[in-house]
Amino acid sequence: MCLFRDMMSYFPEEVLEHVFDFLTSHRDRNAVSLVCKSWYSLERFSREKVFIGNCYAVNPERLIARFPRVRSLTLKGKPHFADFNLVPHDWGGDVYPWIEAMTKNGINLEELRLKRMLVSDESLELLAKSFPNFKSLVLVSCEGFTTDGLAAIASNCRFLRELDLQENEVDDRKGHWLSCFPDSCTSLVSLNFACLKGEVNVAALERLVARCHNLRSLRVNHAVPLEALQKILVKAPQINDLGTGSFVHDPDSETSKKMKNTLENCKSVRSLSGFLDVNPHCLPAVYPICTDLTSLNLSYAPGIYSNELIKLICHCKKLERLWILDTIGDKGLGAVASTCKELQELRVFPSDLYGADNAAAVTEEGLVSISAGCPKLNSLLYFCQQMTNAALITVAKNCPNFIRFRLCTLNPVIPDAVTNLPLDEGFGAIVQSCKGLKRLSVSGRLTDQVFLYIGMYAEQLEMLSIAFAGDSDKGMLYVLNGCKKLKKLEIRDSPFGNAALLSDMGKYETMRSLWMSSCEVTYGACKTLAEKMPTLNVEIINEGEDQVEASSSPDARHRVEKMYLYRTLVGPRRDAPDFVWTL
Amino acid sequence: MAKNGLALETELRLGLPGGGGGGEKKRVFSDMISGGEEEKAVVAVVGWPPVRAYRRKIGGGGVGKMYVKVSMDGAPFLRKIDLTNHKCYSDLFVSIEQLFGCFGIEEALKDSENSEYSPIYEDKDGDWMLLGDVPWEMFVDSCKRMRIMKRSDANGLQAIDLLKELGKKDDRSEN
C-alpha cells in the first residue's frame, strides 16, 4: 500500500487528467472513477461527455453536482417497448427539467442527444437561447415538438454543426424553419430532417447548403423533389452521407440525366438513404456512387421490386451496412450474399404488416445465404415469414461473430417450418456459437429450454427481448441466474410470474431495467419487491381494460398488465402521470 | 388482456399442437385459429410485429397502398401491382412490361387499332373498361383488377364487342 501511494503521488494531477482524456468510453471512465477518491474527483471534473441510459435513474441536480464541466449529454427516456405502442404517450421522459437545471447552473452545453424523450417547443427554445456554444442536437424517436421549435434552434444556435432528426413525430406548423438559419450560419456539418412531413423552403435549403462548405451529411424529406436535390448537390459535391427525398421523375428526362451526372461528381458519398417516394426506374441514376458505398438504407422505400433491388445491390461491392425491406426476397438476399462480402450489419424490415401479401416476405433461406456469403456479419435484425432450427444452426456455424441478433417471425409463435418443433435448438446454437453476443431478440414457438441455453451460454448478453415464449417461471429464472452481464430485460405475453420475479431481487440492482407486460406477475408480488428494494422504482402502468379505481387498492392477486422497474439513485419520480403508480 | 370469452380470439397463447400439458400458465396460440386465419389473428396483437410507429406509416399498409391483380392472356400466373407506386399510365405499363417480359402494351393506348394488346380493367361497378380514358387518379380510385388481352385472342371481334362479352360473363357468374 505504501508503494501504491508513492506511485500515485508521482503522477501530478495534470498527467492523470491527460491520461483520462484518452478514455472516451463512459464505461472506462466509470471504472476509473471507482479506483480511489482522488481519481474519482479528478475524473468527475474532467468528464465532458455523460451518458444516462435511463433519465429517471438520476436527476439533473446530481448530474450537475458530479459533472460540472459536462458539455455533451445523452439521455434516454421511455422503455424500448414504447416503440411498439405498449407505453402511453404521456408516460414521461420530459427533457425540460434537464435543460432548465443546466441553464440555471451555467453549464456550457454543446451537445444534446435524446432518445424516446418528450421534447417540447419550450424546451427547444430554452436550449437555443441558453447555450451560446451549442453545436449538436440529435433527436431519435422523440415527440412533443413542432417545426416552431426547430425554427428557434435554427435562429439562435450560431455555431450549430449538427441537427439530426431520426424518426421523430413532429408537428408541422407550416413555418419556414429552414429559412431561420441566418446568412451568417456557415457551420453546418450534418443536417437530417427526413422525418418531417411538411413542405420546406427549397430555395432556402439550397442557399444554406451553398454556404456551409463543411457539410458532410444531408438527409432531406419527401417534400424535396429530385430536381431540387440535384441543384443542391451541385453545391455540395463533398458530401459523404446522402438521404434523398422524393426520387420520382421520368427516367428519360433531362433532370434524371443531370442527377446522374451530378452524382458522378459526388465522389465522397459513402452512405445513401431516403427514397421516401421512388420511381424504381430512376434508380440507375445512383449507380455511379454505388461502388464506394458502405451504407445503404432502402427500408423507407416501398414498391421497389426484388429485381430492381438486385440490380442496384450488384453495384455495391463494399457495402458494410444494409437496411432493406423484405420485398428483396430470398433471391435478393442471395444476390447480397454474392456481392457484399464486407457486410457487417443487415436489417430486413417487413413491407407488409398485415400479412396480405406473403409472397413478399423472406424466409430462413435468405438468412442462410447471407450467413454463408458474409462472414463478417455481426449485427442482424430479420423479420421473416418462417424459420427453422437447421437454418439457425447453420447461421451460428457460419457467423460466430454476432454482437446483435434479433430475429422476428411475423407470426410470433410459429414453430420450425419443417419439423414443427419449437425453435429452442436454433437459438441455442446461436448463443453457444456467438460468444460475444450482447443483444438478443427471440421469437417463434419457444419453450423454457431456449432460456436454459441462454442462461448457460450467453455470458456477454446485455439486452434480451422476449415475446410469447416460455412455459413456466423456470424460463425467466434460467436467464436471471445465468446472464451475469444482463442490463435490460423486456418480456411480453409470456407465462412468467411471481416466483421468477422475486427469486433474486438483488439482481435488479445490477440491471438498468426490467419490463414485463401481459405476464403472470401480480400486484402483491410487485408491492413486495418495491418494499424490499428501496433502490428500485417499481412502476405499474394502469390503463385500458385493466384499469383499477385509483381510490381502491387492488387485490394482491390481481394480475398486473404492465410493470416497469428500474434502479435509481433518486427515489420515485415526481412527474409520473395518474396512470403510472410507483409502488 | 381481457378475461372474458369474447376476447379469446385475440389472446395469444403458446403450446404444442393439440394443446398438451402445462396447465393454465401455458399460452396456446388461439384455438380459434385454423390455417390461413393465422395472419388475421396476428393483426389483432398490439405491437406485433415490433416495428416502430414511424415505420408503420411509411411502407406496407400505410397510406392507401393499392395492390391489384394483373392477368396477361397466355401467361401462366397472375401478378400483383401496387398502383399507388406509379404516377401515370406510362409508368404502369413499364412495370407491367417488366413483370411479364413483353413489350408493346403502351402502344395500345396510342394506337388501339393496330396494337397487339388491349389493356382493360374492371372498375368498381364491375364493368370492364379500356385503360387510358380517364385521368390517372380516377383510374387508381376505381380499378379493381386488370387484364392484358391479346388481340389474337379476340378471335376477330372488335375490342368493344369483346368487352361486352366479358361484361355478360361476369353477370352470369354473379348469379
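All residue numbers refer to positions counted from 1 along the written sequence of the respective chain. Written order decides the labels, with chains lettered from A and ligands numbered from 1. Per-residue local features of the predicted model are confined to residues with pLDDT of at least 70, and side-chain atom pairs are confined, for both listing and counting, to 80 or more; whole-chain, interface and lining totals are unaffected and use all residues. By convention in this description, side-chain values take in all heavy atoms of the structure and omit both hydrogens and water.

An unreviewed UniProt entry lists chain B under the name Auxin-responsive protein, with Erythranthe guttata as the source organism. Checking UniProt for chain B, the heading Function (unreviewed entry) contains the comment "Aux/IAA proteins are short-lived transcriptional factors that function as repressors of early auxin response genes at low auxin concentrations." UniProt positions are given in the numbering used here, feature names are shortened, and annotations may be inferred rather than shown by experiment.

The name given to chain A in an unreviewed UniProt entry is F-box domain-containing protein, and the organism recorded there is Erythranthe guttata. A UniProt comment under Subcellular location (unreviewed entry) is attached to chain A, and it reads "Nucleus". For chain A, the Pathway (unreviewed entry) comment in UniProt is given as "Protein modification; protein ubiquitination."

Peer 1: I would appreciate a short explanation of the overall build of chain A in the present structure.
Peer 2: Within chain A, the regular secondary structure consists of 21 helices and 25 strands. Taken over C-alpha atoms, the radius of gyration is set against a globule rule of 2.2 Å times the number of residues to the power 0.38. For chain A, the C-alpha radius of gyration of 25 Å lies close to 25 Å, the compact-globule estimate for 583 residues. For the C-alpha atoms alone, the extent of chain A along its principal axes is close to 70 × 65 × 60 Å. Per-residue burial for chain A yields a buried fraction of 60% across its 583 residues. The long-range share in chain A, meaning contacts at least 24 apart out of those at least 6 apart in sequence, stands at 72%. With 66 positive and 70 negative side-chain charges, chain A shows a separation of 6 Å between the mean positions of the two kinds. Secondary structure elements follow DSSP: runs of H or I of four or more residues count as helices, runs of E of two or more count as strands, with numbering from the N terminus. Exposure categories follow from relative accessible area, calculated using a 1.4 Å probe and restricted to protein chains: below 20% of the type maximum is buried, above 50% is exposed, and the middle band is partly exposed. Residue contacts are defined here by distance: any two heavy atoms, one from each residue, within 4.5 Å place the two residues in contact. For this count, His and the chain ends are skipped, Lys and Arg are scored as positive, and Asp and Glu as negative. Here the site of a charge means NZ on Lys, CZ on Arg, CG on Asp, or CD on Glu.

Peer 1: Sorry, what's going on with the UniProt feature "domain: F-box" (unreviewed entry) in chain A here?
Peer 2: UniProt marks residues 11–52 of chain A with the feature "domain: F-box" (unreviewed entry), using the numbering shown here. From the first C-alpha to the last, residues 11–52 of chain A spans 31 Å; its make-up is 64% helix and 10% strand.

Peer 1: What am I meant to see in the pattern of salt bridges here?
Peer 2: Should their charged atoms come close, side chains of opposite charge can pair. Residues and elements named next belong to chain A. Salt bridges are defined by distance alone: a side-chain nitrogen of Lys or Arg within 4 Å of a carboxyl oxygen of Asp or Glu. Here the structure, examined in full by the defined rule, presents 29 salt bridges over all chains. Glu206 is paired through a salt bridge with Lys235; the nearest N and O atoms lie 3.0 Å apart. Within this pair, whereas Glu206 is found in helix H9 (residues 202–211), its partner Lys235 is found in the loop between helix H10 (226–234) and strand S10 (241–243), the two being separated by 29 residues in sequence. According to the relative accessible area criterion, Glu206 is buried, its value standing at 19%. Across the pair Asp241 and Arg219 runs a salt bridge whose closest N-O atoms are separated by 3.0 Å. In this pair, Asp241 sits in strand S10 while Arg219 sits in strand S9 (residues 217–219), placing the two residues 22 residues apart along the sequence. On the accessibility criterion, Asp241 (10% relative accessible area) is buried.

Peer 1: Explain the environment of Leu263 of chain A here, please?
Peer 2: Residue and element names in this part refer to chain A. Relative to the helices and strands, Leu263 resides in helix H11 (residues 254–265). Spatially, the C-alpha atoms of Leu263 and Phe134 are 32 Å apart, while their sequence positions differ by 129 residues. Not counting residues up to four positions away in its chain, the partners in contact with Leu263 are Leu233, Leu242, Ala285, Val286 and Ile289.

Peer 1: Help me understand the packing of helix H15 (residues 364–373) of chain A against helix H16 (residues 389–398) of chain A, please; the structure alone is not making it clear to me.
Peer 2: Residue and element names in this part refer to chain A. The axes used here are C-alpha line fits, helices contributing only the stretch in contact, and every angle between their N-to-C directions lies in the interval 0 to 180 degrees. Running from N to C, H15 and H16 cross one another at 15°; their axes reach a closest spacing of 9 Å. As the angle between them shows, H15 and H16 are arranged roughly parallel. The handedness of the crossing between H15 and H16 comes out as left-handed. For the pair H15 and H16, the contacting residues are Glu364, Leu367, Val368, Ser371 and Ala372 in the first and Ala391, Leu392, Thr394, Val395 and Asn398 in the second. Class assignment of the residues belonging to the contact of H15 with H16 gives a composition of six nonpolar, three polar and one charged. Angles below 35 degrees are treated as roughly parallel, those above 145 as roughly antiparallel, those between 65 and 115 as roughly perpendicular, and all remaining angles as oblique. Crossings are classed by handedness, with left-handed meaning an anticlockwise turn of the near helix from the far one by less than a right angle and right-handed meaning a clockwise turn. Under the convention adopted here, Pro, Cys and the residues Ala, Val, Leu, Ile, Met, Phe, Trp and Tyr are nonpolar, Asp, Glu, Lys and Arg are charged, and Gly plus all remaining residues are polar.

Peer 1: Looking at this structure, how should I read the sheet that holds strand S3 (residues 117–122) of chain B?
Peer 2: Within a beta sheet, neighbouring strands are joined by backbone hydrogen bonds and run either parallel or antiparallel to one another. Residue and element names in this part refer to chain B. DSSP calls a pair of strands paired once it identifies at least 2 bridges connecting them. Pairing in this open sheet of five strands is mixed, and the strands run S2-S1-S5-S3-S4 from one edge to the other. In this open sheet, the two strands that pair with only one neighbour each are strand S2 (79–82) and strand S4 (128–130). Taking the axes of each pair of neighbouring strands and ignoring which way they run, one obtains an average angle of 30° across the sheet. Of the strand pairs in this sheet, S3 and strand S5 (residues 145–150) are connected by six bridges, and their pairing is antiparallel. Each bridged residue has a counterpart across the sheet, and for Glu122 the counterpart in S5 is Arg145. Across the sheet, helix H3 (residues 89–100) is in contact with strand S1 (67–72), S2, S3 and S5; its angle to S2 comes to roughly 155°.

Peer 1: How should I be thinking about helix H19 (residues 473–482) of chain A in this particular structure?
Peer 2: Side chains three or four residues apart in an α-helix point the same way, a direct result of the helix having 3.6 residues per turn. What H19 of chain A keeps buried is the set Asp473, Gly475, Met476, Val479, Leu480 and Gly482 of chain A. Where H19 of chain A is buried, its residues touch helix H18 (448–457), strand S20 (463–467), strand S21 (488–492), helix H20 (498–502) and strand S22 (513–517) of chain A.

Peer 1: Just checking my understanding: could you explain unusual backbone geometry for this structure?
Peer 2: The phi torsion of most residues other than glycine is negative, and most of the peptide bonds are trans. The amide bond that connects Trp48 of chain B to the next residue, Pro49 of chain B, takes the cis arrangement and shows omega of -5°. Relative to the helices and strands, Pro49 of chain B is located in the loop between helix H1 (38–43) and helix H2 (53–56). Unlike most non-glycine residues, Asn85 of chain A shows phi in positive territory, near 65°. Assessed through its relative accessible area of 48%, Asn85 of chain A is described here as partly exposed. Positive phi, normally seen in glycine, also occurs at Phe468 of chain A, with a value near 55°. Residue position: Phe468 of chain A is located in the loop between S20 and H19.

Peer 1: Even after reading the chapter, I still don't get the nonpolar core, so can you show me in this structure?
Peer 2: Nonpolar side chains in soluble globular proteins tend to end up buried together. By convention a nonpolar core is built from buried Ala, Val, Leu, Ile, Met, Phe, Trp, Tyr and Cys residues, the set being connected through side-chain atoms within 4.5 Å. Residues Phe193, Phe405, Ile454 and Leu501 of chain A are the most contacted members of the largest nonpolar core, which totals 182 residues. Residues within four places of Leu501 of chain A in sequence aside, it is in contact with Met476, Tyr508, Leu514, Met516, Val521, Ala525, Cys526, Leu529, Met563 and Leu565 of chain A. Core analysis: the second largest hydrophobic core is formed by 21 residues, Val70, Ile81, Leu83 and Tyr89 of chain B among them.

Peer 1: When you look at helix H6 (residues 96–104) of chain A in this model, what are you seeing that I'm missing?
Peer 2: Residues and elements named next belong to chain A. Along H6, the residues that are buried comprise Trp98, Ile99, Ala101 and Met102. End-on view of H6: buried residues confined to an arc of 165°, all on one side of the axis. On its buried face, H6 sits against strand S1 (49–52), helix H5 (60–66), strand S2 (72–76), strand S3 (111–115) and helix H7 (121–130). Once H6 finishes, Gly106 follows within two positions and takes phi at roughly 65°, a positive value. Taken from the helix axis, the directions to the C-beta atoms give the arc we talk about.

Peer 1: Can you help me understand the packing of H9 of chain A against H10 of chain A in this one?
Peer 2: For any two helices packed against each other, the geometry comes down to the angle between their axes and how far apart the axes lie. Residues and elements named next belong to chain A. Orientation of H9 relative to H10, taken along the N-to-C sense of each, is 20°, at an axis distance of 9 Å. Considering their axes alone, H9 and H10 lie roughly parallel with respect to each other. For the crossing formed where H9 meets H10, the hand is right-handed. Where H9 abuts H10, its residues Val202, Leu205, Glu206 and Val209 lie against Ala228, Lys231 and Ile232. Taken together, the residues of the contact of H9 with H10 break down into five nonpolar, no polar and two charged.

Peer 1: Where do I start with a nonpolar patch on the surface in this structure?
Peer 2: Patches here: salt-bridge-free residues with over 30% relative accessible area, like charges joined within 9 Å, nonpolar side chains (Val, Leu, Ile, Met, Phe, Trp, Tyr) joined within 5 Å. Using the Shrake-Rupley algorithm and a 1.4 Å probe, accessible areas are obtained, with residue cover drawn only from the displayed protein chains. A cluster of nonpolar side chains, contributed by Phe11, Val15 and Val19 of chain A, occupies part of the molecular surface with about 220 Å² of accessible area. Judged by its relative accessible area of 37%, Phe11 of chain A is partly exposed.

Peer 1: Explain the pairing of S3 of chain A here, please?
Peer 2: In summary, the side chains of a regular strand alternate between the two faces of the sheet. Residue and element names in this part refer to chain A. Note that S2 and S3 share five bridges and pair parallel. For Thr74, the partnering residue across the bridge sits in S3 and is Arg113. Taken together, S2, H6 and S3 constitute a β-α-β crossover, and its handedness is right-handed. Orienting the strands away from the viewer, one traces the path from the first strand over the helix to the second; a clockwise path indicates a right-handed crossover. Once you follow S3 into H7 and on to strand S4 (residues 136–140), the crossover reads as right-handed.

Peer 1: Teacher, can you tell me more about a negative patch on the surface here?
Peer 2: All names here are of chain A. Together, Glu13, Glu14, Glu17 and Asp21 line one region of the surface with negative charge. Inspection of the secondary structure puts Asp21 in helix H2 (residues 13–21). Residue classification places Asp21 among the exposed residues on the basis of a relative accessible area of 52%.

Peer 1: How should the packing of aromatic side chains be read in this particular structure?
Peer 2: Describing an aromatic ring pair means giving the distance of the ring centres and the angle of the ring planes. All names here are of chain A. Two aromatic rings from Phe, Tyr or Trp, using only the six-membered ring of Trp, form a pair when their centres are within 6.5 Å; if the ring planes differ by under 30 degrees the pair is stacked, by over 60 it is edge-to-face, and anything between is tilted. The full count for this structure, using the stated rule, is 23 aromatic pairs over all chains. Between Phe405 and Phe427, the ring centres sit 6.4 Å apart and the planes meet at 85°, which makes this aromatic pair edge-to-face. Of the two residues, Phe405 is situated in strand S18 (residues 404–409) and Phe427 in helix H17 (residues 424–433); the sequence distance between them amounts to 22 residues. When sorted by exposure, Phe405 lands in the same class as Phe427, which is buried. Among the aromatic residues, those joined into a cluster by ring pairs are Tyr56, Phe81, Phe84, Trp91, Trp515, Tyr564 and Tyr566. One cation-aromatic arrangement involves Arg44 over Phe45; the distance from NZ or CZ to the ring centre is 4.4 Å. Comment: the charge-over-ring label is applied if NZ (Lys) or CZ (Arg) is within 6 Å of the ring centre and within 35 degrees of the ring normal. Cation over ring: Arg573 sits above Tyr56, and NZ or CZ is 4.5 Å from the ring centre.

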